[in-house]
Amino acid sequence: MISQELNDSLTRVGKGSDAGEVLRRYWQPAALSDELQQGRPVVPVRLLGEDLVLFRDTEGKLGLIGRHCPHRGADMCYGRLEDNGLRCPFHGWHFNRSGQCVEQPGEPEGSRMHEKIQTASYPVVEKNGIVWAYMGPGEPPEFPNFDCFRAPDTHVFAFKGLWECNWLQAMEVGIDPAHASFLHRFLQDEDPADSYGKQFRDKAGNTEIPMTKLLRDYPRPEIQVEEADHGLKITALRHMEDGRSHVRVTNQIFPEAICIPMSREMTITQWHVPIDDENCYWYSMFTSFDKPVNKELMREQRLKEHVLPSYAPKKNKRNEYGYNPAEQESETYTGMGLDINVHDQWAVESMGAIQDRTQEHLGKSDVAIIRYRRMLRAAIAAVKEGREADLPMAGGLDLGSIFGPISNDSIAQDGDWQKAAEEADDARRGQCSWDASV
Ligand code: FES
Ligand SMILES: [Fe+2]
């Protein structure tokens, strides 16, 4: 249990809030590149509680500026895309990509008032299917050399989905290796050959055991957590009856991402991005170490489950997530279908908009969550005390030298599980068609 005051400090994201100021020191996913390709390239973005508009101007360059016109507050999402910016349709004030007002056609001839009118604006860059924004002070940091950024565009597929809850509880489900044995339990095993683009449907490591069976049979993983340059490295060991161990390496990437294996071919790097205090988007980058990603199939699978333009899941609290008690008896642990995203969504949304952590009871299996909260508290203190160099991935650290992070499933024949994980990772990188060497 933690105090209400600490819960507020860790969860709230507005400008000037504790966690919000930490998040503002890192690049944030603002939109999918796909969103700018669906018709007119102007989309509303609500990020860290701020209302913004993202657009691609006539020169093909991106801008992210305040959503409400500084004149009398009209919605710039309906703006006219002109020259290198957006023009408000109400009285024609024109803003360039950097948020500077460059023209006020209704003001008296020769007026220089516009020189003093500047709306919010943030740097944006596009990388492998996602538009990233930097909303903090000073120069934005470099991008780390993570696999999802290094891989060519052909080998990365990005998608997002809405969850109606605070970002922290959303992220915490991703650093909780024990839940997969319960929440995602399938009472029958599917043919792993039918697993493309899905999680926990492949075979475990280099065995013939379906992941679903392994998770079901060994529900008490030994969990080890180590601090790493990128955040936390989390190893879940499932010691099997025959003396072998299943080794699953996942990661927390500070401040709000995780990196986990999806299948032998792909990893998922997933950000849990605050829209505001009570809503968030997950943004996933599926990175293939093998063939180019079949983006059409991956997109089609996910569009079936989501409504555009909000990317809200079709199964949600208003329709009880499709809960079916008969299915819960015979097929799945949740009774909410086979899509594990829905299981996670139910778990984190059902806690309430912001989980009341004054009432929780963390166990040994929550070790990574405990370690992460400690890191976040240290980061909050560092920002407050002006020690920004102490933040993870800051302080002159060469971000180009931060690779990976390593995320995979493997089988250790004996006790040397570190070696098993490293060998599996070397093998994957060794046969990769792009340069995945570390
Ligand atoms: S409200 Fe935008 S120009 Fe007047
Ligand atoms: Fe999960």
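Residues numbered from 1 in each chain as written. Chains lettered and ligands numbered in written order. Predicted model: local features only at pLDDT ≥ 70, side-chain atom pairs only at ≥ 80, totals over all residues.

- Per an unreviewed UniProt entry, the protein goes by Dioxygenase and derives from Phaeobacter gallaeciensis.

## Quick notes on the overall build of the protein
Inference 1: Assigned secondary structure in the protein consists of 11 helices and 22 strands.
Inference 2: Relative to a compact globule of 438 residues, whose C-alpha radius of gyration would be 22 Å, the protein shows 23 Å and is just as compact.
Inference 3: Projected onto its principal axes, the C-alpha positions of the protein cover 85 × 45 × 45 Å.
Inference 4: Each of the 438 residues in the protein was classed as buried or not, and the buried ones make up 42%. (Helix = DSSP H or I, 4+ residues; strand = E, 2+ residues; numbered from the N terminus. Rg over C-alpha atoms; globule rule 2.2 N^0.38 Å. Buried ≥ 20, exposed ≤ 12 C-beta atoms within 10 Å, placed from the backbone.)

## Comments concerning the domain arrangement of the protein
Inference 1: Domain parsing of the protein yields domain 1 (27-133) and domain 2 (145-430).
Inference 2: Using C-alpha coordinates to define each centre, domain 1 is positioned 34 Å away from domain 2.
Inference 3: Opposite the 12 residues of domain 1 that make contact, domain 2 presents 16 residues.
Inference 4: Looking at the side of domain 1 that touches domain 2, the elements with two or more residues in it are β1 (28-32) and β2 (42-47).
Inference 5: If you tally residues by element for the side of domain 1 that touches domain 2, the top one is β1, at 3 residues.
Inference 6: Partitioning the side of domain 1 that touches domain 2 into residue classes produces 5 nonpolar, 4 polar and 3 charged. (Domains from an automatic or database assignment. Contact = placed C-beta atoms within 7 Å. Nonpolar A, V, L, I, M, F, W, Y, C, P; charged D, E, K, R; others polar.)

## A closer look at the UniProt feature "domain: Rieske" (unreviewed entry) in the protein
Inference 1: Within this structure's numbering, the places UniProt gives as "domain: Rieske" (unreviewed entry) are residues 27-133.
Inference 2: Taken as a whole, residues 27-133 contains 5% helix and 40% strand, while its terminal C-alpha atoms sit 6 Å from one another. (UniProt positions renumbered as here; feature names shortened; annotations may be inferred.)

## Side note on the nonpolar core
Inference 1: Counting 87 residues, the largest nonpolar core has Ala30, Leu54 and Leu64 as its most contacted members.
Inference 2: Those residues within four positions of alanine 30 in sequence are excluded, and the remaining contacts are Val45, Leu47, Leu54, Leu64, Val124, Val131, Trp132 and Ala133. (Core = buried A, V, L, I, M, F, W, Y, C linked by C-beta atoms within 7 Å.)

## As for helix α9 (residues 340-349)
Inference 1: Across the 10 residues of α9, 8 count as buried, placing the element largely inside the fold.
Inference 2: Among the residues of α9, those classed as buried are Val342, His343, Asp344, Gln345, Trp346, Ala347, Val348 and Glu349.
Inference 3: If you follow the buried residues of α9, they end up packed against β12 (156-163), α5 (167-173) and β20 (312-313).

## Some details on the sheet that holds strand β8 (residues 101-103)
Inference 1: An order of β5-β6-β7-β8 is seen for the 4 strands of this open sheet, with the pairing classed as antiparallel. Strands at the two margins of the open sheet, each flanked by one partner only, are β5 (80-82) and β8. Neighbouring strand axes in the sheet, compared pairwise and without regard to direction, differ in orientation by 35° on average.
Inference 2: Summarising the sheet, strand β7 (residues 94-96) and β8 pair through 2 bridges and their orientation is antiparallel. (Pairing = 2+ DSSP bridges. Axes fitted to C-alpha atoms, helices over the stretch in contact; angles between N-to-C directions.)

## Considerations on the environment of aspartate 57
Inference 1: One can find aspartate 57 in the loop between β3 (50-56) and β4 (62-66).
Inference 2: Beyond its immediate sequence surroundings of up to four residues, aspartate 57 is in contact with Gly63, Leu81, Asn84, Gly85 and Arg97.

## Observations concerning the pairing of strand β14 (residues 231-239)
Inference 1: Across the 9 residues of β14, 7 count as buried, placing the element largely inside the fold.
Inference 2: Of the pairings in the sheet, the one linking strand β13 (residues 222-228) to β14 comprises 7 bridges and is antiparallel in character. Each residue of the ladder has a partner; that of glutamine 224, found in β14, is threonine 235.
Inference 3: Two successive antiparallel strands, β13 and β14, enclose a turn made up of 2 residues.
Inference 4: Pairing between β14 and strand β15 (residues 245-253): 9 bridges, direction antiparallel. Across the sheet, arginine 238 pairs through a bridge with histidine 246, a residue of β15.
Inference 5: Hairpin connection, β14 to β15: the antiparallel pair is bridged by 5 residues, and glycine 243 has positive phi, about 95°.

## Digging into the sheet that holds strand β10 (residues 130-133)
Adjacent strands of a sheet form backbone hydrogen bonds with each other and so pair up, either parallel or antiparallel.
Inference 1: Spatially, 3 strands are ordered β1-β10-β9 in an open sheet, and the strand pairing comes out antiparallel. The sheet is open, and its two borders are formed by β1 and β9 (124-127), each paired with just one other strand. Averaged over all pairs of adjacent strands, the angle between their axes in this sheet comes to 35°, without regard to strand direction.
Inference 2: Relative to β10, β1 runs antiparallel, the two being bridged by 4 bridges. The partner of alanine 31 across the bridge, within β10, is valine 131.

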